[in-house]
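# Understanding the architecture of this molecule
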Amino acid sequence: MSDVPAEGDTETYTRTFTDEDVEQFADLSGDRGSHHEASAGEDRMVHGLLTATLPTKIGGDMDYVARTMTFEFQRPVYVGEEVTCKSTVEAFESHETRHEMVASFTCRNEDGEVVLDGQTEGVIFR
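Summarised in this report is the structure supplied together with it.

Calculation rules
- Residues numbered from 1 in each chain as written.
- Predicted model: local features only at pLDDT ≥ 70, side-chain atom pairs only at ≥ 80, totals over all residues.
- Heavy atoms only, no water.
- Helix = DSSP H or I, 4+ residues; strand = E, 2+ residues; numbered from the N terminus.
- Buried < 20%, exposed > 50% of the residue type's maximum accessible area, 1.4 Å probe, protein only.
- Contact = heavy atoms within 4.5 Å.
- Areas by Shrake-Rupley, 256 points an atom, 1.4 Å probe, with all protein chains shown as cover.
- Lys, Arg positive; Asp, Glu negative; His and termini not counted.
- Charge placed at Lys NZ, Arg CZ, Asp CG, Glu CD.
- Phe/Tyr/Trp six-rings, centres within 6.5 Å; stacked < 30°, edge-to-face > 60°.
- Pairing = 2+ DSSP bridges.
- Axes fitted to C-alpha atoms, helices over the stretch in contact; angles between N-to-C directions.

### Things to note about the overall build of the protein
- Assigned secondary structure in the protein consists of three helices and five strands.
- Taken from the N to the C terminus, the helices and strands of the protein come in the order β-α-α-α-β-β-β-β.
- Overall, the protein is about 50 × 30 × 20 Å in size when its C-alpha atoms are taken along their principal axes.
- The proportion of buried residues among the 126 residues of the protein is 34%.
- The contacts of the protein with a sequence gap of at least 6 include a subset with a gap of at least 24, amounting to 65%.
- Counting only carbon and sulfur atoms, one obtains 44% of the accessible surface of the protein, whose full area is about 7000 Å².
- Positive and negative charge centroids in the protein, built from 10 and 27 side chains respectively, lie 3 Å apart.

Shown next as structure tokens:
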């Protein structure tokens, strides 16, 4: 993405979550559901909000401050599964002290299945 995003711009970010990622997120969030606590090597489900860090990483790269975020979790993500998030700028409006932006995002697993999608509205201060 250029210094100032434009409508239609896209960014992607890919990550594979590990057992350690899930353990650290459980420590931070206190969410210790049994599906997140499976033994290493078993089907250990990644926290939904940990998966949601993919679109927030893209926003962070732009110094984007979200006002709202909506998430629709389509299917679970498991440890060791590669997930790619694609974010698209849907609307962009510049003002004197800020840029207002609406972006959509879709996260897909390595099989191309949608695991998470949603939208965010917010600002970039410049």
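### Describing unusual backbone geometry
- Of note in the backbone geometry, Asp63 takes a positive phi value of approximately 60° without being a glycine.
- Here Asp63 lies in the loop between helix H3 (53-61) and strand E2 (64-73).
- A relative accessible area of 56% means that Asp63 is categorised as exposed.

### A word on the packing of aromatic side chains
- For the structure on display, the rule yields two aromatic pairs.
- One aromatic cluster is present, formed by Phe71, Phe73 and Phe105 through successive ring pairs.

### Overview of the pairing of strand E3 (residues 82-94)
- Bridging between strand E1 (residues 10-16) and E3 involves seven bridges; their strand directions are antiparallel. Bridge assignment links Thr14 to a residue of E3, and that residue is Thr84.
- Sheet topology note: the E3/strand E4 (residues 98-109) ladder contains eleven bridges and is antiparallel. Directly across from Ser94, in E4, lies its bridge partner His99.

### Some words on the sheet that holds E4
- Judged by pairing direction, the sheet is antiparallel, and its five strands sit side by side in the order E1-E3-E4-E5-E2 without closing on themselves. Each having just a single partner strand, E1 and E2 make up the two edges of the open sheet. When strand polarity is set aside, the average angle formed by the axes of neighbouring strands in this sheet is 20°.
- In the packing of H3 onto the sheet, the strands contacted are E1, E2, E3 and E4, and the crossing angle to E1 comes to about 130°.

### A few points about the side chain of Thr51
- By secondary structure assignment, the location of Thr51 is in helix H2 (residues 48-51).
- Among all residues touching Thr51, those that are not within four sequence positions of it are Phe17, Val46, Val77, Val115 and Leu116.

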